[in-house]
Amino acid sequence: MNGPYDDIIGLPHHVSRVHPRMSMYNRAAQFAPFSALTGHEAAIRETARMTDEEILLTPEEMDSLDRKMAYLQRNDSAATTVTVTFFEPDETKQGGTYRTVSGRIKKVEPDARILAMHDGMHIRLDCIKDIEFDPDDMDKK
């Protein structure tokens, strides 16, 4: 044979005296695939996630909502089941979602601008779009 490596082809494999031999597991890990764009798919999903735009109430709708809230505050609303439709702003992007929940009111906190429900949910008063309830339920007590 007359090749460029004939002089070293028969030599024994070099073993370092300083560095310990790498395990087969660690050696294989060098060749494992990796994702250069870690988190890219999650960012695309977040961008594609749809949100609703908040619709502002008309002055008439705001007056109606104010009257309902005043009625609930004046009367003992704890035993009354209400259905509240409100806008929940998205924490990560512009917009949000409209939610409708039913339950009993624990208390209305006008200073904190919060409607506290018995199940522990707190709804910001400025996000409420509508409240539905049967006034007769309050009169039955």
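Residues numbered from 1 in each chain as written. Predicted model: local features only at pLDDT ≥ 70, side-chain atom pairs only at ≥ 80, totals over all residues. Heavy atoms only, no water.

## Brief notes about the overall build of the chain
Helix and strand counts for the chain come out as 4 helices and 5 strands. For the chain, the α and β elements follow one another from N to C terminus as α-α-α-β-β-β-β-β-α. Relative to its length of 141 residues, the chain is extended, with a C-alpha radius of gyration of 33 Å against a globular reference of 14 Å. Among the 141 residues that make up the chain, the fraction classed as buried is 20%. Considering only contacts within the chain whose residues lie at least 6 apart along the sequence, 57% involve residues at least 24 apart. When the accessible surface of the chain is totalled, it reaches about 11,400 Å², and 55% of it is carbon and sulfur. Taken together, the 18 basic and 25 acidic charged side chains of the chain have centroids lying 8 Å from each other. (Helix = DSSP H or I, 4+ residues; strand = E, 2+ residues; numbered from the N terminus. Rg over C-alpha atoms; globule rule 2.2 N^0.38 Å. Buried < 20%, exposed > 50% of the residue type's maximum accessible area, 1.4 Å probe, protein only. Contact = heavy atoms within 4.5 Å. Areas by Shrake-Rupley, 256 points an atom, 1.4 Å probe, with all protein chains shown as cover. Lys, Arg positive; Asp, Glu negative; His and termini not counted. Charge placed at Lys NZ, Arg CZ, Asp CG, Glu CD.)

## A few points about the environment of His14
Assignment of secondary structure puts His14 in the segment before α1 (24-29). Considering only alpha carbons, one finds His14 and Arg27, 13 residues apart in sequence, at a separation of 17 Å.

## Comments concerning the sheet that holds strand β2 (residues 96-109)
With antiparallel pairing, the 5 strands of this open sheet are ordered in space as β4-β3-β2-β1-β5. Taken across any chain shown, the strands that pair with only one partner, and hence form the sheet edges, are β4 (122-124) and β5 (128-133). On average, each strand axis in the sheet is inclined to that of its neighbour by 40°, with strand direction left out of account. Of the pairings in the sheet, the one linking strand β3 (residues 114-117) to β4 comprises 3 bridges and is antiparallel in character. Paired with Ile114 across the bridge in β4 is Arg124. Lying over the sheet, helix α3 (residues 59-74) contacts β1 (81-89), β2 and β5, oriented at roughly 55° with respect to β5. (Pairing = 2+ DSSP bridges. Axes fitted to C-alpha atoms, helices over the stretch in contact; angles between N-to-C directions.)

So yeah, pure geometry; function would need other evidence.
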